[in-house]
Amino acid sequence: MSVWNYVVTAQKPTCVTHSCVGNFTSPQELNLIIARCTRIEIHLLTPQGVQIADVPVYGRIATLELFRPHGETQDLLLITIEKYKFCVLQWDSESSELITRAMGDVSDCIRRPTDNGQIGIIDPDCRLIGLHLYDGLFKVLPFDKKGQLNEGFNIRLPELQVLDIKFLYGCTKPTIAVLYQDIKDARHFKTYEVYLKDKFVEGPWSHHNLDNGADLLIPVPPPLCGVLIIGDETIVYCSPNACKAIQIRPTVIKAYGRVDIDGSRYLLGDDTGLLHLLVIIHEKEKVTGLQIELLGETSIASSISYLDNGVVFVGSSYGDSQLIKLDTLPDAKGSYVQILESYVNLGPIVDLCVVDLERQGQGQVVTCSGAYKDGSLRVVSNGIGINEQASVELQGIKGMWSLKSSLDEAFETFLVVSFISETRILAMNIEDELEETEIEGFSSQVQTLFCHDAVYNQLVQVTSDSVRLVSSTTRELRNKWDSPAGFTVNVATATASQVLLATGGGHLVYIEIGDGTLTEVKRILLEYEVSCIDMNPIGNNPNYSQLAAVGMWIDISVRIFVLPDLTLITKEQLGGEIIPRSVLLCAFEGISYLLCALGDGHLLNFQLDTSSGELREHRPAVIYSNNKKLLYSNVNLKEVSHICPFSSAAFPDSLAIAREGELTIGTINDIQKLQIRTIPVGELARRICHQKQTRTFAICSIRNHAEESEMNFVRLLDDQTFEFLSTYLLVNAFEIGSSILSCSFTDDKNVYYCVGTAYAFPEEKEPTKGRILVFIVKEGKLQFIAEKETEGAVYSLHAFNGKLLAAINHKIQLYKWMLRDDGTRVLQSECEHRGHILAPYMQTRGDFIAVSDLMKSITILIYKHEEGVIEERARDCNANWLSAVEILDDDTYLGADDCYNLFTVKKYSEASTDEACDRMEVVGYKSMIFHRLSRLCSRIVQELPRERHLSKCGMRILQRSYGHYLRSSAVLERQNRNFPEAVFANNRKLCTSYSTASVKGGQETEKINVIFVDNNGVENHIKVPIGMNILEAARENNIPLEGACDGALECATCHVIVMDMKYYKKLEEPTAEEENMLDNAYGLTETSRLGCQVIVKPELDGIRLTIP
Ligand code: FES
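Before going into details, it helps to say that this report is about the structure given with it.

Thresholds applied
Residues numbered from 1 in each chain as written. Predicted model: local features only at pLDDT ≥ 70, side-chain atom pairs only at ≥ 80, totals over all residues. Heavy atoms only, no water. Pairing = 2+ DSSP bridges. Helix = DSSP H or I, 4+ residues; strand = E, 2+ residues; numbered from the N terminus. Axes fitted to C-alpha atoms, helices over the stretch in contact; angles between N-to-C directions. Core = buried A, V, L, I, M, F, W, Y, C linked by side-chain atoms within 4.5 Å. Buried < 20%, exposed > 50% of the residue type's maximum accessible area, 1.4 Å probe, protein only. Contact = heavy atoms within 4.5 Å. Phe/Tyr/Trp six-rings, centres within 6.5 Å; stacked < 30°, edge-to-face > 60°. Lys NZ or Arg CZ within 6 Å of the ring centre and 35° of its normal. Patch = residues over 30% accessible without salt bridge, like charges linked within 9 Å, V, L, I, M, F, W, Y side chains within 5 Å. Areas by Shrake-Rupley, 256 points an atom, 1.4 Å probe, with all protein chains shown as cover. Salt bridge = Lys/Arg side-chain N within 4 Å of Asp/Glu carboxyl O. Lys, Arg positive; Asp, Glu negative; His and termini not counted. Charge placed at Lys NZ, Arg CZ, Asp CG, Glu CD. 1 Å grid on protein atoms, 1.4 Å probe; cavity = no way out; pocket = protein on both sides within 12 Å on 5 of 7 lines; lining within 4 Å. Points joined across faces, edges and corners; volume = space filled by probe spheres on them. Nonpolar A, V, L, I, M, F, W, Y, C, P; charged D, E, K, R; others polar. Polar contact = N/O pair within 3.5 Å; in protein donor to acceptor, adjacent residues only side chain to side chain.

Regarding the sheet that holds strand S13 (residues 161–167)
- Strand order in the open sheet formed by 4 strands is S13-S14-S15-S16, with antiparallel pairing between adjacent strands. For this open sheet the edge positions go to S13 and strand S16 (199–207), each flanked by a neighbour on one side alone. Taking each pair of neighbouring strands and ignoring which way they run, the sheet shows an average axis angle of 30°.

Okay, here's the thing in structure tokens:
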């Protein structure tokens, strides 16, 4: 049924969101456990740092905590995921496997998810796990005396705007500390004792009117047993009998890590990447003060785990994670931080472009990655990377071969490098340096055509006029074969006991090597010249080949000959006009192949039947074999002219590679790995675009350094060196670059960079002003050409029919590039299409425009040239909250929503009715919980400046960041359906899921029957308590009714149609506000209502509803 549903992850998540340290794999072993968004990595802390496991978790990790229940000898791991599920994992050291000790569903579909992120905490005495997932609710999962989890229960939490909750140490009853904000935005701290069952009692102490930036609590273990309240300008230590505060330089602490077991020292990482040491000064249990010291700079930390001996893991979701060592003395710059290792992090990717930087026909992805000071561009390419180990400048290499001093040697000794008129021999000296040497028996004054180790400790060299056999021990000439007079050798190949060469005139000569002998065994004349030959042994004898492959000029064929008689057994015409330049006989996983490289860079492969010589099916480009299939992968090097294996003692399993006047020795990286090159820019690059004609990139970036005010730039970069060539400052501090495009216009041969901006004034909920700026690149500099004011933020720009198409707030606007009388150019509005809630992104194809709407999924528009108008052609009627769209073909579109899902919709252009043509149907769906696909997923939601940028609905999305508020029951249901909880499902010993029964005053309320009829006419009967509205009822029963504004009458996405007029008449009259909002609803009928406004009453028993 589903098409376009094949999605693979090219790269595992690289950002680190959480980390913790403990004895997880055994009581004696210390482990570092890292959460990378949707994966957990378990490392063993040894000097080598062994990774034990890398496990996918089917959801984005919200909590990662180690704890040790009573009776356990090693730690257990609590994981909660953003989909309201949790599990407790244990390491089974016998089977080296993770076991799920407990798991459960803690969702509650009628509660409002927290604004400030999910909190999962464990009582230090392991009496219970606490979860704060919904406003006003604290969920408790208690442990029994044997350390097993029991059924969970909820406790009402009076504080609605909770900033942080932690369990306190040393309390007889489990006690939580709650940091919260009141309705006047003042921040306070309170403690509660958790009384089993199900109630809170006000705890031992509280603290009011804290630092306005206080948003982090650090519980302090015994003997002190207090709590640290971390603010922007103060840090307060609080306990029932002490309160000490210290002023700090204004900063936002993002992560902390405890250094000592008694909790007297903490590492604090701030949002500018500075690492501080906080010390609680105390005499026994009496705290006398706090002290803070700056240690140095790291990546912006999202987690800090102190490992041992001053070694610290700094996990980062904005930059590369790091392993650092804290020195006892500062370095010359006053820093105590020494970076031992960095781990590449590609995220958060906020924009990308695909460019063929090397001009080799292989696209590379250039991403805007990281944030703030850790912002960077990353060049991501797919293929095999080469680990360079040594290189030397050598121009004009024509061929290379590695030779051993004896066939029995493990390593190669010599590297023979051939040039147009000489041959040079390199060898590794005792200092492991490549040094020139000599093999006296070789001819060094001519170009070498082929070299090989030979039997009886000999070496063979083929040049244009001879074959020379040399002792590898004395290096003296032992025998020589001369080419016939008047003919020169053009191509040659050899094994340890054979030489095959072709001379001018089409002579193919086969020679066998003996102990000091070269015997010409056979010579045949072919009709054309030979272009390439090979006889790599693919049989059982590694020193002798029974087959030879020969590529021919003129008839463009490859031929297989049997040796020693040179009997032709197969001739394969390659077709086309491109001659074969290199052939190779080889075997992978027991299957023999003939690889044939053509002059135009294509590689053909044939399966070879070694007995009959038959060649079967050929496909382009093959490098290695996996599961008996040949697979292709590029090598990420520029313009390699020659390559040969060179495994020396100093560089085992290496390759010698000749390229661009350089000889490089390197090892091959893992096959099919993504190669990532980092170009630090030190600021947040938000948008990127490449201009092929000027070989430049342009980026919109934000510089946000601690000491400076925020600055917005358009910067021009060289696409090879990535140097900044030119910078344009957006002078107004509130103007930010929001889109960028390279394009040209009708009647103008110049290529321009167009930049869309938005004025994000703090007092405006949605930008009402923006600009489109047009630049040209002249002499490597950005030159300003024109500007056009817009009535909102320019979220997306597209070149469209020689004009410029812009998505501006809720409309799509088309501009012409007009020539004025004075010869200057100006953007002039031609037509527009309104009616979108917010159009953050669009794509175009021909005259079609696919618009992704922040609430109304995909809409297809068409531009009508003659009339000069843009009209709606079709739309997906689902209420998907989109961040990006792509056009796959004329009728199929790919959308990315804010819940990390990809889906495809199809338009039926050939449908018989207009209505069917207008509607698009979802045909493929993929939950992308593993990681967000940059432009397709995170382009808008992730990084638009929040409070400043959107209308009320949009603001709510962004304030919730990753969209819990907007996760409709439909989306949740789809996610659940698509992803069986593999980790959680291993062992269903315990499930704490509970349902919220409609209980009022301990009595079950009266319920009526409500029937939802889906698009296929299937009825879904649900029981709904009197007094509940239809939106709530739908959510409780997983009916896909969106209700994006939660009943605030701002969205119309809870639109339902009452199917029988008699029931419609029984409803309360709609209010004027509801009527107004209904006007925006899709598929309005005379019995349409907004579900959030319809309250269930007894007369409605049996009402039938459908969702348009
Ligand atoms: S939920 Fe938005 S109007 Fe009903």
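Describing the nonpolar core
- By size, the foremost hydrophobic cluster in this structure holds 30 residues, and its most contacted members are Phe442, Val467, Val499 and Leu501.
- Those residues in contact with Val499, other than ones at most four positions away along the chain, are Val460, Val462, Val467, Thr493, Ala494, Val509, Tyr510, Ile511, Ile513 and Met535.

Here we look at the sheet that holds strand S38 (residues 458–463)
- The 4 strands are arranged S37-S38-S39-S40 in an open sheet whose pairing can be described as antiparallel. The open sheet has two edge strands, strand S37 (448–454) and strand S40 (477–482), and neither has a second partner. Strand-to-strand twist of the sheet, defined as the mean angle between neighbouring strand axes without regard to direction, takes the value 15°.
- By the bridge criterion, 6 bridges tie S37 to S38 in an arrangement that is antiparallel. Its bridge partner lying in S38, Phe450 is registered against Val462.

Description of the environment of Leu838
- Within the secondary structure, Leu838 is located in the loop between strand S70 (825–833) and strand S71 (841–845).
- Classification of Leu838 by relative accessible area gives buried; the value is 1%.
- Sequence separation between Leu838 and Ile812 is 26 residues, and the spatial gap between their C-alpha atoms is 9.9 Å.

Here we look at the environment of Val279
- In this fold, Val279 is placed in strand S23 (residues 274–283).
- By relative accessible area, Val279 is classed as partly exposed at 22%.
- Along the primary structure Val279 and Gln291 are separated by 12 residues, whereas in three dimensions their C-alpha atoms are 5.1 Å apart.
- Each residue touching Val279, except ones within four places of it in the same chain, is listed here: Ser264, Arg265, Gly289, Leu290 and Gln291.

Quick look at the environment of Asn212
- With respect to the element layout, Asn212 can be found in the loop between S16 and strand S17 (216–219).
- Taking the C-alpha atoms as reference points, Asn212 and Glu233, 21 residues apart in sequence, are found 8.7 Å from one another.
- Those residues within four positions of Asn212 in sequence are excluded, and the remaining contacts are Asp185, Ala186 and Arg187.

Notes on the packing of aromatic side chains
- Under the defined criterion, the tally for this structure stands at 18 aromatic pairs.
- Clustering of aromatic rings is evident, with ring pairs tying together Tyr728, Phe775 and Phe784.
- Lying over the aromatic face of Tyr759, Lys769 brings its terminal NZ or CZ to 4.5 Å of the ring centre.

Digging into a negative patch on the surface
- A grouping of Glu431, Asp432, Glu433 and Glu435 is seen on the molecular surface, where their side chains present a negatively charged patch.
- For Glu435, the position within the fold is in strand S36 (residues 434–437).
- On the basis of relative accessible area, Glu435 is assigned to the partly exposed category, the value being 43%.

Points about empty space enclosed by the protein
- Scanning the entire structure with this criterion turns up 2 cavities of 30 Å³ or more.
- Its boundaries defined by the atoms lining it, the largest cavity holds a volume of some 50 Å³.
- In terms of lining residues, the largest cavity is bounded by 10 residues, among which Leu133, Tyr134, Leu137, Lys139 and Asn154 are the most central.
- In terms of residues, the lining of the largest cavity owes the most to one element, strand S11 (residues 137–142), which gives 3 residues.
- Partitioned by chemical class, the residues of the lining of the largest cavity number 7 nonpolar, 1 polar and 2 charged.

Quick look at the side chain of Asn1029
- By the element assignment, Asn1029 lies in the loop between strand S82 (1019–1025) and helix H6 (1030–1036).
- One polar contact links the side chain of Asn1029 to the main-chain amide nitrogen of Glu1032, over a distance of 2.8 Å.
- When residues no more than four places from it in sequence are discounted, the contact partners of Asn1029 are Gly1091, Cys1092, Val1094 and Ile1095.

Just distances and angles here, no functional claims.
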